[in-house]
Each structure stands twice: as structure tokens, then as C-alpha cells.
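Structure at a glance
Here is what each chain is made of, one letter per residue.
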There are 2 protein chains.
Amino acid sequence: MPELRQNIATGEWVILATERAKRPEDFKKKEEKKEVPPYKENCPFCPNNEHLTPKEIFQIEKDGKWQVRVVPNKFAALIPDVPYQRIYHNTFRKATGFGFHNVIIETPSHNTYLPLLPVKDIKNIIEAYHKIFVDIASHPDIEFVIPFKNHGEGAGTSLEHPHSQIIGLPVFPEQVRGRMEEAIRFYDREGQCVFCHMIEMEKKENLRIVYENESFIGFIPFAAFSPFHFWLFPKRHQATFGELKDKEKDDLTDAIRIVLGKIYKGLKDPDYNLVIRSGPVDAQRIKYFHWYISIVPRLGKAAGFELGSGMYINTGLPEESAKFLREVEFS
Amino acid sequence: MPELRQNIATGEWVILATERAKRPEDFKKKEEKKEVPPYKENCPFCPNNEHLTPKEIFQIEKDGKWQVRVVPNKFAALIPDVPYQRIYHNTFRKATGFGFHNVIIETPSHNTYLPLLPVKDIKNIIEAYHKIFVDIASHPDIEFVIPFKNHGEGAGTSLEHPHSQIIGLPVFPEQVRGRMEEAIRFYDREGQCVFCHMIEMEKKENLRIVYENESFIGFIPFAAFSPFHFWLFPKRHQATFGELKDKEKDDLTDAIRIVLGKIYKGLKDPDYNLVIRSGPVDAQRIKYFHWYISIVPRLGKAAGFELGSGMYINTGLPEESAKFLREVEFS
């Protein structure tokens, strides 16, 4: 029988469509993996092609060679070198396209995968995410910063070379505003961060947890909106990604490596999006919001119902997906 | 220079990415259309295959043959024959999968397109949408009804035979709740429905209107979230689709035919989603919400940024897209 589930943090309902549900192994990617070379001479992210991108704004080097390189996006959605200005005409509201849109080139190698990199290389990527996040967040006209990674064509990228992106916005996304309001209402009622509460409840129920270390815990949420939709939380309450401490960076490195590794191995390298859902830039001390990482393997397709309601139909059962991932050996 | 625009009704911002913008004609579908036969013997929606679907709950006949046929979805996301019940366990909230999920088979012909059908056949489809909407909305446990159409694989359907769907929900979608709240705040401040206001402003500015008749007006919204994202409004204020009057059904038939026809012809049959965004079932008399139809040609791809913010990056300029569609001749 189908079932509706509500996410206690977002208030969003999801339909678990048992009539068309699939077993976890049915979500494995079907296509054969195509051969990709370690270097491509026309790839703007490969070493020796640095002239094909704008000049780097940050890089981590070893033996005189970059390991991680951050550049402005050549086809930036928003640009930093215009003044931020609202322009109203009748009741039409617009603003200049001020903002940041940077690319994090994760590794010099064209054909590797994030979870297969050595631990120290993954740590470098986390350091770059954090450094660029903090830099962008410190700009007085920036309200919100979103680091994300699109992996594979189905996840919206046509570039093979492993990379992530960070966008800094001068406006507040309405969807995030709604979630903040949901969270503050929970805090007002219960005196606790709703995400801290969710972590407690997931540990108590212990049906959907896939990974845990000293600082991080990862699970398929009770009301996951798509198959293998995954949430990874810092256990210490913190509202923004900028607050991450050094020891936590090490633990995040391991968490990301193992979780993405299990997804890579168990589902045969599915396309996925990874997003850091941080609180807004000025939220360091707030007690009602908690940053986390959301990973969405692209195993279904949003259609008219999703567009028309913001609700999702999930054909994967969270408890089964979690069990499947727990049993994938990756270390 | 890129630009940010805010939708006055939803409060949502969109990025118009001028650096990577395309000309309207660049959005034309590239693939060759594949040949599809007028009848397929294994298609559950073709005539003589009625035994392959659950029994119809409504149909419009002519000369003893059905023209439009409505059946329960064989792989329903929600089902009507369970009692609606909330089940709470600790703070995990779920509900039985009560609801409606019906399919509207739009025509006996396997290989036609909605805008190419004779006017009276399109009118029959509108009648079926309306009848089923009103029926589902009258159930005491239903809170929200969403009629929608997925056209093409990129829009989430694998069935070729022209069809639409209607889902009736026993819960309220959080995203819709947010929009209702936005709309009521505008009404409180301005004493006018924000959508009526938007129609007025679009008429005054007259840059994005594509179609208008006595009862309906259609335009690319100022803050369209994707290329050729289209909104079609009844001009008379009405909060729910159920309130549509007979004369308005005729005008809606023509509006749908011409708008989908222009999209079909101008963009070479792109995949698209069409959704009727109605107010909730009990909203007949409310003055602050206005139902409309949203059409989203699937010309871009939502990726990590969209998932992480609910905001969109649009590579089509609304004024140019509207001009392009206005100039497509279809009658």
C-alpha cells in the first residue's frame, strides 16, 4: 500500500509509491561505463590548459603543481564586478547580476572519481570548498552561498573533468526562507534545533543510518524525496558550513569518501548532485538551523506532478535503500 | 550582463544568465521525430485494448466509441480504497496512501498531438479535466488536486499515447502553502489579487504576452524560471479550476490549442509538462489566489544549484521568447 511521509524539518510530504517501487539493486546504472582518458588536450580543467580558464583565485599546490584549483566560471551565472543594485519598474523587480560563480577543479586527473582519490586529496577539496565559502560569505552584499557538485550528464553537467561549483547570491532564495521559518517554529515550540532532533530520532530508530563517525552522521531521511536521497549532518550543532572546525574537516573528508564510495560502488556510478545546504551568511549563532549535505542520485525524473506541487513521488523505500548502502563494502 | 528577477506572486528570484543565453531558435528540438503508428496493439490506451487498464470511471462517447476515457492509474501513486489515516511514531509522521491518481486518455489515436486535434476533441479533454477535478475535489478527505500532462520522455513519461493525469492529495503541499501565504500578504497590503495585478501589469507593459482572448491571457512571466516557461490565466478572478464556466471552457480550449500549437510548431515538438495550478479544494471564494496553467518545455536541466536553493538559472530571455512565439503562425 502506498504511504505518505512528512519531513519534520521541511514540512514537505512525499509519496512512497509502493505500487511501482523497485528493489535497491534495480537502481544500478545500466549503461556500460565509457572509457575516459586521464588527460584531454581540449579540456579546460586539465593541467597545461590553464589558459583556457579565467585566472585562478585560489589553489593548493604540491611540488609546484596544483592539486585543487579554483577559478571563476567562464560562463558565470552571476559576476562580482558589477555593483549590486535593485531596479524597480512599476511592480517588476529586478537586480543587477552581481554575485559569485566559481568552479573548484577537484584534481588534475581527468578521469578519476572523488571517492577514489587519496584521503589527502579529498581533504584538499574540502579545504577549498570551505575557504571559498568563507571568502564569498564575507562580502557585505552576499546573502546566501551554495556549494554544489553535478556529477554526470543526468545531473546537469557536460564536463567530464571532476569539478564542483560555488554560487554566492545577493538575494535570499524563497524556498530556503520557507525552511528557515519551519525550523524557527519548531525551535519556538520545542526549544531544540529540528535537525538535532531528527538526528536523535534517527539514532533511536536506527533503520536508515548508513554512516557515522565522531563528527558526522549520514542517513536516508525518513521522508526521502527520491531513491537514495541522502543527508549528511555534522553532529555538533552549527548553522553554517563556515563554522566547520579542523578536526571536523578530517571527519567530513572520511564521511564524503565513504558515502560517495558506497553510492559509486553499490549503484555503479550513478549521476548525482551534491549540495551543501548551509544557513545564510549571517547565521553563525542561530540555534534553530543546522547545515547539512544533501546528495541526490538522479535515479528518477521530476515531471508535471513535482513541478505543480513541489512534492515528490519516491519509488525507493528509505529503509531498504539504507540497508543496501550499509552492506556495500567500501573502505 | 546577467540579471536577477523576482516573481511578484511567488517571491521567487531567478537568474537570467545572459553570458550563456541562447537565441529562441537555438531551443528548437534537434532530434529527428521518430515515426509513430496510429495504433499499437500492446498500447493500453489504444482502442480495443481497454482490458489492459482498470475499468473507466468516465468517458465521452460519439457514435458508440469513446473520444476521451478516464481510468485509474494502473500503477497509482495513491489509491482511493483505503481509509485516510495519520500514523505518528515518535516524531515520524506518515499517513496511509489514500488519494486519487487517474489517467485521462485524450484521444483514441496513438500518434497525434493535443494541439493538432479538432477543436471539439480538445474541448472534450477540457471537459474531462474539469469533471474529474470537481469529482475528486468533492471528496471530504481531499485537500488538493493537481491535473497535469507530461509530454515526451524528457518530461517524465515513457508512454507515447497522448494522455494526462490527475492526482488528488489528502495533504497540503508545503510549496503551495508558501505561495498562498505570499499571495495573502500581497492582498492584505494592496487589496488586490496578486495575479490579477500581474495580468494588469503585463498588459500595460505588453512585452511578454503571446496570446489573449475574451477569457484567457497567456504570457512568458517576467521572472520565467526556464526558457519558454509559460503562464496562462483566466482573466476573471477565480481561485480554483472548478469554478470555470461554460463559455470559459470554449475560450480555454482555443487558448490551449493555440499556445501548445505555437510551442509545437516553433520549437519542433519539445518535451513539456503542463500543470493546472489551482487553489485548494475549499478556496472557491477566496480573493487572494487565482488559478492558472503553467507550461514548462523541458529545454534545460535542473542541477545542484536548483536542488540546493529552489532557484533557477534561465538561459532564455522572456521578452525574446515571447516575441518568437508571437510570430509563430498557428491557427
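Below is a summary of the structure that appears in this document. Only a predicted model underlies this, so the values are computations on that prediction, with no experimental measurement involved.

Attention now moves to the overall build of chain A. In terms of regular secondary structure, chain A is built from 6 helices and 15 strands. Against the 2.2 N^0.38 benchmark of 20 Å for 331 residues, chain A shows a C-alpha radius of gyration of 20 Å, consistent with a compact globule. In terms of principal-axis extent, the alpha carbons of chain A reach across some 55 × 55 × 40 Å. Per-residue burial over chain A gives 60% buried out of 331 residues. Looking at chain A alone, contacts between residues at least 24 apart form 67% of all its contacts between residues at least 6 apart. Computed over 45 positive and 46 negative side-chain charges, the inter-centroid distance for chain A is 1 Å.

Time to look at the environment of Gln85(A). Residue and element names in this part refer to chain A. Tracing the chain through its elements places Gln85 in the loop between β4 (65–72) and β5 (86–89). With 85 residues separating them along the chain, Gln85 and Pro170 place their C-alpha atoms 9.5 Å apart. Leave out the neighbours within four places in its chain, and Gln85 touches Lys94, Ala95 and Thr96.

A word on the sheet that holds strand β7 (residues 100–105) of chain B. Residues and elements named next belong to chain B. One open sheet holds the 10 strands; their spatial order is β3-β4-β7-β9-β8-β13-β14-β12-β11-β10, and the pairing between them is antiparallel. Each edge of the sheet is formed by a strand with only one pairing partner; in this case those strands are β3 (58–62) and β10 (209–212). This sheet shows a mean twist of 15 degrees between the axes of neighbouring strands, independent of strand direction. With 4 bridges joining them, strand β11 (residues 216–219) and strand β12 (residues 230–234) adopt antiparallel strand pairing. Bridge pairing links Ile217 to Phe233 in β12.

Attention now moves to the packing of helix α1 (residues 119–137) of chain A against helix α4 (residues 246–266) of chain A. All names here are of chain A. It is at 9 Å that the axes of α1 and α4 come closest, and there the two elements cross at 115 degrees. Handedness of the α1/α4 crossing: right-handed. Residue-level contacts link Val119, Ile122, Lys123, Ile126, Glu127 and His130 of α1 to Lys249, Asp250, Leu252, Thr253, Ile256 and Arg257 of α4. For the contact of α1 with α4, a count of residues per class yields 5 nonpolar, 2 polar and 5 charged.

In this section: the relation of the copies chain B and chain A. Structural alignment of chain B on chain A gives an RMSD of 0.0 Å, achieved by rotating through 180 degrees and translating 0.0 Å along the axis. Viewed as a symmetry operation, the transformation between the two copies matches a two-fold axis. The C-alpha atom lying nearest the rotation axis in chain B is that of Gly178(B); the distance is 3.4 Å. A high fraction, 100%, of the interface residues of chain B reappear at the interface in chain A, so the copies pair face to face through one surface.

Turning our attention to the sheet that holds strand β2 (residues 13–16) of chain A. An order of β15(A)-β2(A)-β1(A)-β6(B)-β5(B) is seen for the 5 strands of this open sheet, with the pairing classed as mixed. The open sheet has two free edges, formed respectively by β15 (312–314) of chain A together with β5 (86–89) of chain B, since each of these has just one partner strand. Averaged over neighbouring strand pairs, the angle between their axes works out to 30 degrees when direction is ignored. Sheet analysis places strand β1 (residues 3–6) of chain A next to β2(A), joined by 4 bridges and oriented antiparallel. Paired with Leu4(A) across the two strands is Ile15(A), which belongs to β2(A).

Residues and elements named next belong to chain B. Applying the stated criterion to the full structure yields 38 aromatic pairs over all chains. Aromatic side chains Phe27 and Phe228 sit 5.9 Å apart centroid to centroid with 85 degrees between the ring planes, which places their arrangement in the edge-to-face category. Taken as a pair, Phe27 in the loop between β2 (13–16) and β3 and Phe228 in the loop between β11 and β12 lie far apart in primary sequence, 201 residues in all. The class for Phe228 is buried, based on a relative accessible area of 1%.

In this assembly, 75 residues from chain B lie in contact with 75 residues from chain A. Buried area between chain B and chain A, summed over both chains or domains, comes out near 6,300 Å², and the portion from carbon and sulfur atoms is 64%. Broken down residue by residue, the surface that chain B buries against chain A is led by Phe92(B), Arg93(B) and Leu307(B), which jointly contribute 11%. There are 2 salt bridges connecting chain B and chain A. For the pair chain B and chain A, the interface holds 20 residue pairs in polar contact (both at pLDDT 80 or more). Residues that form the side of chain B that touches chain A fall into these classes: 37 nonpolar, 20 polar and 18 charged. The sheet contact formed by β1(A) and strand β6 (residues 92–96) of chain B spans 4 bridges and is antiparallel. Following the sheet pairing, Gln6(A) is matched in β6(B) by Arg93(B).

Below, the discussion takes up the layout of surface pockets. All names here are of chain A. Of the volumes computed, that of the second largest pocket is approximately 830 Å³. Surrounding the second largest pocket, 38 residues form its lining, Lys34, Tyr113, Gly152, Glu160 and Asp269 being those nearest its centre. For the lining of the second largest pocket, the secondary structure elements donating two or more residues are β8 (144–151) and α4. Split by residue class, the lining of the second largest pocket holds 13 nonpolar, 11 polar and 14 charged.

With that out of the way, let us pick up the pattern of salt bridges. Enumeration over the complete set of coordinates arrives at 58 salt bridges over all chains. With its nearest N and O atoms 3.1 Å apart, the salt bridge here joins Glu205(B) to Arg208(B). The same class applies to Glu205(B) as to Arg208(B), namely buried. Here Lys323(B) ties to Glu327(B) by a salt bridge, and the two come within 3.3 Å at their closest N and O atoms. Of the two residues, Lys323(B) and Glu327(B) are both situated in helix α6 (residues 318–327); the distance of 4 residues between them amounts to about one turn of the helix. Classification of Glu327(B) by relative accessible area gives exposed; the value is 52%. Each of the salt bridges in this network shares a partner with another, and the network as a whole consists of Glu3(A), Arg5(A), Glu202(A), Glu205(A), Arg208(A), Glu319(A) and Lys94(B).

Residue and element names in this part refer to chain A. Considering the arrangement of structural elements, one finds Asn314 in strand β15. Among the polar contacts made by the side chain of Asn314, one reaches the main-chain carbonyl oxygen of Ala224 at a distance of 3.0 Å. At 2.7 Å, the side chain of Asn314 and the backbone nitrogen of Gly316 are in polar contact. Sequence-distant contacts of Asn314, defined by excluding residues within four places in its chain, comprise Val14, Ile15, Leu16, Ala17, Ala224, Phe225, Ser226 and Pro227.

This next bit is on the pairing of β1(A). Of the two faces of β1(A), the one lined by Glu3(A) and Arg5(A) and the one lined by Leu4(A) and Gln6(A) are each fully buried. Counting the residues between successive antiparallel strands, the hairpin from β1(A) to β2(A) contains 6 residues, one of them, Gly11(A), with a positive phi of roughly 80 degrees.

Turning our eyes to something else, we now look at the environment of Lys29(B). All names here are of chain B. Here Lys29 shows up in the loop between β2 and β3. A sequence separation of 106 residues divides Lys29 from Asp135, and the C-alpha atoms of the two residues are 38 Å apart. When neighbours within four sequence positions are excluded, Lys29 is seen to be in contact with Leu267, Lys268, Asp269, Pro270 and Asp271. Among the polar contacts made by the side chain of Lys29, one reaches the main-chain carbonyl oxygen of Asp269 at a distance of 3.3 Å.

This next bit is on the pairing of strand β3 (residues 58–62) of chain A. Residue and element names in this part refer to chain A. Of the pairings in the sheet, the one linking β3 to β4 comprises 5 bridges and is antiparallel in character. Note that in β4 the partner of Glu61 across the bridge is Trp66. Between β3 and the antiparallel strand that follows it, β4, lie 2 residues; Asp63 among them carries a positive phi value of about 50 degrees.

Conventions and cut-offs
All residue numbers here refer to positions counted from 1 along the written sequence of the relevant chain. As they are written, the chains are lettered A onward and the ligands numbered 1 onward, keeping that order. In keeping with the model being predicted, local features are shown solely for residues with a pLDDT of at least 70 and side-chain atom pairs are shown and tallied solely at 80 or more, while totals for entire chains, interfaces and linings include all residues. For side-chain calculations, the full set of non-hydrogen atoms in the structure is used, while hydrogens and water are omitted. In DSSP terms, a helix is any run of H or I states spanning at least four residues, a strand is any run of E spanning at least two, and both are numbered starting from the N terminus. With the radius of gyration taken over C-alpha atoms, the globule rule is written as 2.2 Å times the number of residues to the power 0.38. For each residue, the accessible area found with a 1.4 Å probe, counting protein chains only, is set against the maximum for its type, and the residue is called buried under 20%, exposed over 50%, and partly exposed in between. In this description, contact between two residues means that some pair of their heavy atoms is separated by no more than 4.5 Å. Working convention for charge: Lys and Arg count positive, Asp and Glu count negative, and His plus the chain ends are omitted. For this purpose, a charge sits on NZ of Lys, CZ of Arg, CG of Asp or CD of Glu. When DSSP finds at least two bridges between two strands, those strands are taken to pair. Only the stretch in contact is used when fitting a helix axis, every axis being a line fitted to C-alpha atoms; angles between N-to-C directions are given from 0 to 180 degrees. Should the near helix be turned counterclockwise from the far one by less than a right angle, the crossing is left-handed, whereas a clockwise turn marks it as right-handed. Note on residue classes: Ala, Val, Leu, Ile, Met, Phe, Trp, Tyr, Cys and Pro are nonpolar, Asp, Glu, Lys and Arg are charged, and everything else, Gly too, is polar. Superposition of the copies used a least-squares fit over C-alpha atoms from residues whose pLDDT is at least 70 in both. Side-chain rings of Phe, Tyr and Trp, where Trp is taken by its six-membered ring, are said to pair if the distance between their centres is within 6.5 Å; with planes under 30 degrees apart they count as stacked, over 60 as edge-to-face, and otherwise as tilted. Here the buried area means the combined drop in accessible surface, using a 1.4 Å probe, for two parts upon being joined, counting both sides. The rule for a salt bridge is simple: a side-chain nitrogen of Lys or Arg has to be within 4 Å of a carboxyl oxygen of Asp or Glu. Here a polar contact means two N or O atoms within 3.5 Å. Within protein one must be a hydrogen donor candidate and the other an acceptor candidate, and residues neighboring in sequence count only if both atoms are side-chain atoms. Points on a 1 Å grid, built from protein atoms alone, make a cavity when a 1.4 Å probe fits but cannot get out and make a pocket when they are open with protein on both sides within 12 Å along at least 5 of 7 lines; residues with an atom within 4 Å of a point are the lining residues. Grid points are joined across faces, edges and corners, and a volume is the space filled by probe spheres set on the points.

All quantities given are derived from atomic positions and should not be read as evidence of function.
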